[in-house]
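Results of the structural survey
Here are the chains, one letter per residue:
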Protein chains: 2
Amino acid sequence: MPHDFKQIYASANRACSFLKVLANPDRLVLLCRLAEGECCVSELESALNIHQPTLSQQLGILREEGLVTTRREGKHIFYRVISLESIAILKALQTQFCKPRPPEPH
Amino acid sequence: MPHDFKQIYASANRACSFLKVLANPDRLVLLCRLAEGECCVSELESALNIHQPTLSQQLGILREEGLVTTRREGKHIFYRVISLESIAILKALQTQFCKPRPPEPH
DNA sequence: CTAATTATTTATGAATTTATATTATGTAAC
DNA sequence: GTTACATAATATAAATTCATAAATAATTAG
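Since we're looking at a predicted model, the values are computed, not measured. (Residues numbered from 1 in each chain as written. Chains lettered and ligands numbered in written order. Predicted model: local features only at pLDDT ≥ 70, side-chain atom pairs only at ≥ 80, totals over all residues. Heavy atoms only, no water.)

Taken together, 20 residues are adjacent to DNA strand C, and Ser42(A), Gln52(A), Ser56(A), Tyr79(A) and Asn24(B) come closest. Counting only atoms of DNA strand C within 4 Å of the protein, the sugar-phosphate share comes to 60%. Here Val41(A) contributes a backbone N or O atom positioned 3.4 Å from a phosphate oxygen of DNA strand C. Between Gln57(A) and DNA strand C, the recorded distance is 3.3 Å, taken from a side-chain N or O atom to a base nitrogen. A total of 5 residues in the surface near DNA strand C trace back to one element, the largest contributor, which is helix H4 (residues 52–64) of chain A. For the surface near DNA strand C, the residue count by class is 6 nonpolar, 10 polar and 4 charged. (Near = heavy atom within 4 Å. Polar contact = N/O pair within 3.5 Å; in protein donor to acceptor, adjacent residues only side chain to side chain. Helix = DSSP H or I, 4+ residues; strand = E, 2+ residues; numbered from the N terminus. Nonpolar A, V, L, I, M, F, W, Y, C, P; charged D, E, K, R; others polar.)

The full set close to DNA strand D counts 20 residues, and Asn24(A), Gln57(A), Ser42(B), Ser56(B) and Tyr79(B) are the nearest of them. Here a phosphate oxygen of DNA strand D and a side-chain polar atom of Arg27(A) are 3.4 Å apart. Tyr79(B) places a side-chain nitrogen or oxygen 2.5 Å from a phosphate oxygen of DNA strand D. Secondary-structure elements contributing two or more residues to the surface near DNA strand D are H4 of chain A together with helix H3 (41–48), helix H4 (52–64) and strand E3 (76–81) of chain B. Broken down by element, the surface near DNA strand D gets its largest block of residues, 5 residues, from H4(B). Looking at the surface near DNA strand D residue by residue, the class counts come to 6 nonpolar, 9 polar and 5 charged.

Further remarks concern the relation of the copies chain A and chain B. Overlay of chain A on chain B (RMSD 0.1 Å): rotation 180°, translation along the axis 0.1 Å. In symmetry terms, the pair is related by a two-fold rotation axis. (Least-squares fit on C-alpha atoms with pLDDT ≥ 70 in both.)

This part covers the sheet that holds strand E3 (residues 76–81) of chain A. All names here are of chain A. Judged by pairing direction, the sheet is antiparallel, and its 3 strands sit side by side in the order E1-E3-E2 without closing on themselves. Two strands in the sheet have a free side with no partner beyond their single neighbour: strand E1 (39–40) and strand E2 (68–73). The pairing of E2 with E3 spans 6 bridges and is classified as antiparallel. Residue pairing across strands places Glu-73 opposite His-76, the latter belonging to E3. Strand contacts of helix H2 (residues 25–35): E1, E2 and E3, with the helix running at about 90° to E3, the strand carrying the most contacts. (Pairing = 2+ DSSP bridges. Contact = heavy atoms within 4.5 Å. Axes fitted to C-alpha atoms, helices over the stretch in contact; angles between N-to-C directions.)

Here the focus is H4(B). All names here are of chain B. For H4, with 13 residues, the first-to-last C-alpha span of 18 Å sits near the 18 Å given by 1.5 Å per residue. Of all the positions in H4, only Leu-55, Gln-58, Leu-59, Gly-60 and Leu-62 are classed as buried. On its buried face, H4 is in contact with helix H1 (5–22), helix H2 (25–35), H3, strand E2 (68–73) and E3. In the segment just after H4, Gly-66 is the residue with positive phi, at about 80°. (Expected span 1.5 Å × (residues − 1). Buried < 20%, exposed > 50% of the residue type's maximum accessible area, 1.4 Å probe, protein only.)

Before going further, it helps to examine the sheet that holds E3(B). Residue and element names in this part refer to chain B. In spatial order, the strands read E1-E3-E2; together these 3 strands make up an open sheet with antiparallel pairing. Strands with a single pairing partner mark the edges of an open sheet, and in this sheet they are strand E1 (39–40) and E2. Contacting E2 and E3, H4 runs over the sheet at an angle of about 115° to E2.

Accessible area lost on assembly of the parts is the figure often given for the size of an interface. Of the residues lining the interface, 37 residues belong to chain A; the matching set on chain B comes to 37 residues. It is Tyr9(A), Leu19(A) and Phe97(A) that lose the most area in chain A upon contact with chain B, and together they represent 21% of the buried surface on that side. Remark: the boundary between chain A and chain B carries 0 salt bridges. Applying the counting criterion to the chain A and chain B interface returns 6 residue pairs in polar contact (both at pLDDT 80 or more). Breaking the side of chain A that touches chain B down by element, the ones donating at least two residues are helix H1 (5–22), H2, helix H3 (41–48) and helix H5 (84–97) of chain A. Counting residues per element, the side of chain A that touches chain B draws most heavily on H1(A), at 14 residues. (Buried area = accessible area lost by both parts, 1.4 Å probe. Salt bridge = Lys/Arg side-chain N within 4 Å of Asp/Glu carboxyl O.)

Structure (C-alpha cells):
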C-alpha cells in the first residue's frame, strides 16, 4: 500500500462520480449536442425522442453535477456545457467511439 | 430527429458500456496501475487492500469487457491492458482528475 | 385582469438493475 | 499439501430508470 494510496483513491472517486454521470446514453448524447453549442430544452427534445419529463430529469442530473448551466430567455431555458472536464473527456470519447465507421457491406 | 440518429445512439451505447466498466473506483485504480505495465494479481491485491475474491471479480469484469488480457507464468497470472480506448480515456481522465493538486495549507 | 397555453421542473413511486460483501469451493502449478 | 487465483452461490443494499401526475413561470388571448 503506497503512501499516496489515499490521494489515488480520492482522484479515482472524483473521476468515478463524473464517469457515472456520463455513463448513460441519453445524457451522453445530450452532452455531445450541448458541447456543440447552447441549446434549449425543446430543441433537445426533438433531437432525442425521449419523453419530456425524462429529458428534464437527465438535464437536472447534468445541472446538479455541475456539467452544464442554464439561462432563461422568455419561455425557453437554454443549456450549455460549463465543465472543462466534460469537454476534454467528450472529445476523447468521440475520438474513440465515433470514428468514421468501416464501410458497410450491403 | 436527424438521419444519423441511430448511429449516434449506437456510438453512445458503446461508449456507455465502456464508461460503466470504468465507473468504479477499484476498477479505475486497477486500470491505472495496469496501464503503467503488466502486473500479477497478488501485486494488485497488495496495492488495493480489497479481498481476493472481490479483486478477482473486478478483474473478471475487465477481462470480459475486453479491456485487459492475461498470461500465466507458473503460479502467477499477469494482467495487462489491451484496449486502446482504455489507454486513451485513462490518459484524458488522469489529465483532468489527477492534476498536481494545489499546495496544501498546513 | 383573468384564463388558457406553452415550456419546463419537481415529486412520487414501482420496477428493475446493479453493486458489494461473504463464504465456500474449485483448479492449476509447484 | 500449499500457493495463487477463479468461480459460484447467496444475501443484502443501493442505485437507476421510467412513467404519471402535479406544480411553476412566462406568455398570450380574451
